[in-house]
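# A structural walkthrough
The residues making up each chain are set out below.
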Amino acid sequence: QESLLAVNGVKKHYHVKAGMFKPDATVKALDGVSFKLEKGKTLAVVGESGCGKSTLARVLTMIETPTAGELCFDGEDILSLGKDAAKALRQKIQIIFQNPYGSLNPRKKVGTILEEPLVINSDMSKAERKQKALAMLAKVGLRPEHYDRYPHMFSGGQRQRIAIARGLMLDPKVVVADEPVSALDVSVQAQVLNLMMDLQDEMGLSYIFISHDLSVVEHIADEVMVMYLGKAVEYASCEELFANPKHPYTQALLSSTPRLDPSHRREKIKLEGELPSPLNPPKGCAFHARCRYANERCDKEQPALVSEANAQVACFAREEGRIA
Ligand code: SF4
Ligand code: MG
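What you are looking at is a predicted structure, and each value in this text was computed from that prediction instead of being measured. (Residues numbered from 1 in each chain as written. Chains lettered and ligands numbered in written order. Predicted model: local features only at pLDDT ≥ 70, side-chain atom pairs only at ≥ 80, totals over all residues.)

## Describing the confidence of the model for the protein
Mean pLDDT for the protein: 91, with 96% of residues reaching 70 or above. Averaged pLDDT values for the elements of the protein fall to 83 in helix 2 (residues 83-90) and rise to 98 in helix 4 (residues 126-139). (pLDDT = per-residue confidence, 0-100. Helix = DSSP H or I, 4+ residues; strand = E, 2+ residues; numbered from the N terminus.)

## Here's the deal with the sheet that holds strand 10 (residues 231-237)
Taken in spatial order, the eight strands of this open sheet run 6-7-8-3-9-10-12-11, and their pairing is mixed. The open sheet has two free edges, formed respectively by strand 6 (93-96) and strand 11 (306-308), since each of these has just one partner strand. Averaged over neighbouring strand pairs, the angle between their axes works out to 20° when direction is ignored. Pairing of strand 3 (residues 42-46) with strand 9 (residues 223-228), which is carried by four bridges, proceeds in the parallel orientation. Counted as the bridge partner of Val46 is Val226 from strand 9. (Pairing = 2+ DSSP bridges. Axes fitted to C-alpha atoms, helices over the stretch in contact; angles between N-to-C directions.)

## Topic: helix 9 (residues 248-255)
For helix 9, the full list of buried residues reads Pro248, Tyr249, Thr250, Leu253 and Leu254. Looking at the buried residues of helix 9, the elements they touch are helix 7 (214-220), strand 9, strand 10, helix 8 (238-243) and helix 11 (316-319). (Buried ≥ 20, exposed ≤ 12 C-beta atoms within 10 Å, placed from the backbone. Contact = placed C-beta atoms within 7 Å.)

## Some words on the pairing of strand 7 (residues 174-178)
Where burial is concerned, most of strand 7 is hidden: five out of the five residues are buried. Neither face of strand 7 is exposed, since Val174, Val176 and Asp178 on one face and Val175 and Ala177 on the opposite face are all buried. Where strand 6 lies against strand 7, four bridges are found, and the strand directions are parallel. Bridge pairing links Gln94 to Val175 in strand 7.

## So, the site of ligand 1
Lining the immediate surroundings of ligand 1 are Pro248, Cys285, Phe287, His288, Cys291, Tyr293, Ala294, Cys298, Pro303, Cys315, Phe316 and Ala317. Here the shell around ligand 1 is composed, by residue class, of eleven nonpolar, one polar and no charged. (Near = placed C-beta within 6 Å. Nonpolar A, V, L, I, M, F, W, Y, C, P; charged D, E, K, R; others polar.)

## Here's the deal with the nonpolar core
Judged by nonpolar contacts, the single largest core of 80 residues is most densely connected at Ile208 and Phe209. Looking at which domains feed residues into this core, each of domain 1 (5-92 + 172-319) and domain 2 (101-171) supplies at least three. In this structure Ile208 touches Leu37, Leu43, Val45, Leu60, Val174 and Val176, once residues within four positions along its chain are discounted. (Core = buried A, V, L, I, M, F, W, Y, C linked by C-beta atoms within 7 Å. Domains from an automatic or database assignment.)

## Some points on the packing of helix 5 (residues 156-168) against helix 6 (residues 186-203)
Two elements in contact, helix 5 and helix 6, have axes whose closest approach is 10 Å; the angle formed by their N-to-C orientations is 20°. Judged by the inter-axis angle, helix 5 sits roughly parallel to helix 6. Of the two possible hands of crossing, helix 5 and helix 6 adopt the one that is right-handed. Residues Gly156, Gly157, Gln160, Arg161 and Ile164 of helix 5 pack against Val188, Gln191, Val192, Leu195 and Met196 of helix 6. When grouped by side-chain class, the residues that make up the contact of helix 5 with helix 6 number five nonpolar, four polar and one charged. (Parallel < 35°, antiparallel > 145°, perpendicular 65-115°, else oblique. Left-handed = near helix turned anticlockwise from the far one by under 90°.)

So, in structure tokens, the structure goes:
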């Protein structure tokens, strides 16, 4: 059976021209990422800023073209399609951005903002567009009178509801949500997440949920992919990842995530150092400078994702049985 979205070996490399003090370089923002997403499911993509997750969001929504790899939607490789077919497919994958303050034009009324995608991409009449916008406002928990208001008249949570409504106006199948709640107060985050989950059930949506925050991810994801410097280091069901994190990086991220359930408290692992620059990536395993299990092999060779029970993990210490 075909997955709704199948991403195979996607790369995004940038060539950076030499400057006065530095030679030419290649930045591997995405370096061979693969995953599958089924209808109605949520894949969370997790990592620190700079790990490639925002580049992945832009590649999936075709804001950027990947350097290599395949993006198959419903069995069709989007990248190999002609312009018109690609445009039609593109509407099926919509993005919601992190910052509801920056992503809504302050000079336009909510109704105009919502209807814009329809003006460009449909042949609906003005009345039909308004009807759809009002229906969408209701779906995201806003009221008809909000149609004529401007973005600054809303709270942060309401603005993110507007951004979600706009992302759904073209009836997408897949929504890529790039840190959709991280700009919001913690008290509002749960409301927006619950709304997203209700909309998912109601409309059969699949989500790519991009986040640095594992406590949010645990709430919403079916599967989780942990990224480090352009690559997946662990890919597992949400349940398995939280119950039994396998990669040293995932273990460190999880140990610093506050958990409500005290039976899940774990030893705190301090993550030393910074994410290395993708301009000058380390040889061997990209995580080795920060990894307490690193040995000589890790300095030289790059681990590949290896399947084990319920997960895929890229780590020599796992392969060699040096960590449980
Ligand atoms: Fe650590 Fe080596 Fe595993 Fe990389 S491959 S995560 S450096 S043990
Ligand atoms: Mg980002």
